[in-house]
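Structure at a glance
Each chain, written out:
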Amino acid sequence: MSDFRNGTKCVQAGYRPGNGEPRQIPIVQSTTFKYDTSEDMGKLFDLEASGYFYTRLQNPTNDHVAAKIADLEGGTAGMLTSSGQAANFFALFNICETGSHIVSSSSIYGGTFNLIAVTMKKMGIDVTFVSPDCTREELDAAFQDNTRAVFGETIANPALTVLDIEKFAQAAHDHGVPFIIDNTFPTPVNCRPIEWGADIVTHSTTKYMDGHGVAVGGAIVDSGKFDWMAHADKFPGLTTPDDSYHGIVYAEKFGLEGAFITKATAQLMRDFGCIQSPQNAFYLNLGLESLHVRMPKHVENGQAVAEFLQSQSKVKKVSYPGLPSDPYFEIAKKYLPNGGCGVVSCELEGGRAAAEAFMKKLKLAAIETHVADARTCCLNPATSSHRQLTDEQLEAAGIPAGLIRISCGLEDKEDLIADIEQALG
Ligand SMILES: *Cc1c(COP(=O)(O)O)cnc(C)c1O
């Protein structure tokens, strides 16, 4: 549905029922699929035909929803994963192996930081973190001969830094590797990183895409633009024969549009099985159907709460890219002209203790390890999601110990502000 606008795609892309077929995406609640002959099934195992044989690898419900997200991002292929963590791991591990190296923005989600800095490191995959605000020279200096990907987040969770997508994409391309971007916070309603040069887009669909706190999930979208064959020596997994599929070469057989996602499905889903359940994919799609209606309201509430917090003497600092005083205001105007998201962070006078007292008094905003939900929630990263980081790492990631992240939901902004006012008082 690439001729339509994103709002129309939110509602209708990915699934176009035929005559007499269900209007809503059916939940294919089946682990397996039936075939008339072994030959028919053999073609699927050889990747000679497309179709379904086992829900650990692929399921029709998921594929409809993944196609919608791919269409929203302007990509050529997509897949759903069991979580955002699985999406980022798959996106990186699909092209990295022991001995590889990643260049990553240091301002990223705590779980992803841990994945890259600790768990992937144990697999022999190295990383160099760079500031999201680094110069082009500093960025270039981070690359090594074994660099295989550049990674960052459009709007970082929870630091709310906004990435210069073009700068990171150009550096990646000049060094012959793809730029992978986690676009969870703005969603394709507010930013489409592929239009700015990103090659692979990932999501924690658990956040705004679901938007109702119902289903954990992730997604990967390939732009279909990165030319693996032009850098064949760097990406042997895509450009040399796969012995586990009778020697097919993904980049040759599935082309620019399909190689990355086909390999991730055929190898990584087969071996790791981090697939989203079809039931969760169905819930995710219900969220997607209203994503374009909800995002502007999250932005409106985020902007109003950020402006209110900024006017309060007990608030030391407010981060929200929609505030003219925010260091990312100008760059956000470029990449996020309709606003970014509903997440605001603030640091209260009085540090960690003041933050805890404030959060306890809030009535509408619940303390949750969650963001991007219809219901407003808040969190102190230093004592929860980022507690594995040292104070130095917290500082480097732009998350001081007294920082509170407030995820503005879809309530009336006057009520949210009144609640914050009484909690500050
Ligand atoms: C939450 C989040 C993740 C991890 O996603 P899960 O669905 O919780 O596994 C990754 N990236 C960002 C930006 C997130 O906000």
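Residues numbered from 1 in each chain as written. Predicted model: local features only at pLDDT ≥ 70, side-chain atom pairs only at ≥ 80, totals over all residues. Heavy atoms only, no water.

**Focus on the pairing of strand β12 (residues 403-407)**
Within β12, 5 of the 5 residues are buried, which leaves it mostly tucked inside the rest of the structure. Residues of β12 alternate between two faces, with Leu-403, Arg-405 and Ser-407 on one and Ile-404 and Ile-406 on the opposite face, all of them buried. In this structure, strand β9 (residues 343-348) lies alongside β12, joined through 5 bridges in antiparallel fashion. Note on β12: the bridge partner recorded for Val-343 is Ser-407. Note that strand β11 (residues 377-379) and β12 share 3 bridges and pair antiparallel. The partner of Leu-379 across the bridge, within β12, is Arg-405. (Buried < 20%, exposed > 50% of the residue type's maximum accessible area, 1.4 Å probe, protein only. Helix = DSSP H or I, 4+ residues; strand = E, 2+ residues; numbered from the N terminus. Pairing = 2+ DSSP bridges.)

**Points about the sheet that holds β9**
With respect to topology, 5 strands assemble into an open sheet ordered β8-β9-β12-β11-β10, the strand pairing being mixed. The open sheet has two edge strands with one neighbour each: β8 (315-319) and β10 (366-367). Both β10 and β11 contribute to a ladder of 2 bridges, which runs parallel. Its bridge partner lying in β11, Ala-366 is registered against Cys-377.

**A word on the sheet that holds strand β2 (residues 101-105)**
Read from one edge to the other, the open sheet built from 7 strands follows the order β1-β7-β6-β5-β4-β2-β3, with strand pairing classed as mixed. The open sheet has two free edges, formed respectively by β1 (77-81) and β3 (126-130), since each of these has just one partner strand. Across this sheet, the average inter-strand angle for adjacent strands is 20°, counted without regard to direction. Pairing of β2 with strand β4 (residues 147-153) involves 4 bridges; the strand directions are parallel. Of the residues in β4, the one forming a bridge with Val-103 is Val-150. Seen against the sheet, helix α4 (residues 84-93) touches β1, β2, β4, β5 (179-182), β6 (200-204) and β7 (218-222) and runs at an angle of roughly 160° to β6. (Axes fitted to C-alpha atoms, helices over the stretch in contact; angles between N-to-C directions. Contact = heavy atoms within 4.5 Å.)

**Observations concerning the pattern of salt bridges**
Taken as a whole, this structure holds 14 salt bridges when the rule is applied. When the shortest N-O distance is used, the salt bridge between Lys-253 and Glu-48 registers 3.6 Å. A residue pair is termed long-range when its members are at least 10 positions apart, and Lys-253 in helix α10 (residues 250-253) and Glu-48 in the loop between α2 (38-45) and α3 (60-73) qualify at 205 residues. For Lys-253, a relative accessible area of 38% translates into the label partly exposed. Of the charged contacts, one joins Lys-316 and Glu-347 as a salt bridge, the two residues approaching to 3.7 Å between their closest N and O atoms. Taken together, the residues Lys-316 in strand β8 and Glu-347 in strand β9 connect sequence positions 31 residues apart. For Glu-347, a relative accessible area of 16% translates into the label buried. Each of Arg-136, Asp-140 and Asp-174 takes part in one network of salt bridges that share partners. (Salt bridge = Lys/Arg side-chain N within 4 Å of Asp/Glu carboxyl O.)

**Some thoughts on the side chain of His-370**
Mapped onto the fold, His-370 is located in the loop between β10 and β11. Given the relative accessible area of 13%, His-370 is considered buried.

**Thoughts on the site of the ligand**
Taken together, 15 residues lie around the ligand, and Asn-157, Asp-182, Ser-204, Thr-206 and Lys-207 are the ones closest in. The separation between an oxygen atom of the ligand and a polar main-chain atom of Gln-85 is 2.9 Å. Within the side chain of Lys-207, a nitrogen or oxygen atom sits 2.6 Å from an oxygen atom of the ligand. The fraction of the free accessible surface of the ligand (380 Å²) that becomes covered by protein chains is 93%. (Near = heavy atom within 4 Å. Polar contact = N/O pair within 3.5 Å; in protein donor to acceptor, adjacent residues only side chain to side chain. Areas by Shrake-Rupley, 256 points an atom, 1.4 Å probe, with all protein chains shown as cover.)

**What to know about the packing of aromatic side chains**
Taken as a whole and assessed by the stated rule, the structure comprises 17 aromatic pairs. Relative to Tyr-52, the ring of Phe-33 lies with its centre 5.7 Å away and its plane at 40°, an arrangement referred to as tilted. Here Phe-33 is found in the loop between α1 (6-12) and α2, whereas its partner Tyr-52 is found in the loop between α2 and α3, with 19 residues between them in sequence. With a centroid separation of 5.1 Å and an interplanar angle of 80°, the aromatic rings of Trp-228 and Phe-235 are classed as edge-to-face. Assigned by exposure class, Trp-228 and Phe-235 land together as buried. Here the aromatic residues Phe-89, Phe-90, Phe-93 and Phe-272 are joined through ring pairs into a cluster of three or more. (Phe/Tyr/Trp six-rings, centres within 6.5 Å; stacked < 30°, edge-to-face > 60°.)

**Looking at the domain arrangement of the chain**
How big an interface is tends to be stated in terms of the accessible area lost upon association of its parts. For the chain, the assigned domains read domain 1 (6-286) and domain 2 (292-424). Look at where the C-alpha atoms of domain 1 and domain 2 centre, and you get two points 28 Å apart. With 37 residues of domain 1 in contact, the opposing surface of domain 2 contributes 37 residues. Taking both sides of the interface into account, the surface hidden between domain 1 and domain 2 amounts to around 3000 Å²; carbon and sulfur atoms contribute 63%. Sorting the residues of domain 1 by area buried against domain 2 places Leu-160, Asn-190 and Tyr-208 first, and these three jointly supply 25% of that buried surface. Where domain 1 meets domain 2, there are 1 salt bridge. Put simply, Glu-166 and Lys-334 hold a salt bridge, and the shortest N to O gap is 2.6 Å. Linking domain 1 with domain 2 are 15 residue pairs in polar contact (both at pLDDT 80 or more). Secondary-structure elements contributing two or more residues to the side of domain 1 that touches domain 2 are α1, α5 (110-122), α7 (165-174) and α8 (187-190). Here the residues of the side of domain 1 that touches domain 2 sort into 19 nonpolar, 13 polar and 5 charged. (Domains from an automatic or database assignment. Buried area = accessible area lost by both parts, 1.4 Å probe. Nonpolar A, V, L, I, M, F, W, Y, C, P; charged D, E, K, R; others polar.)

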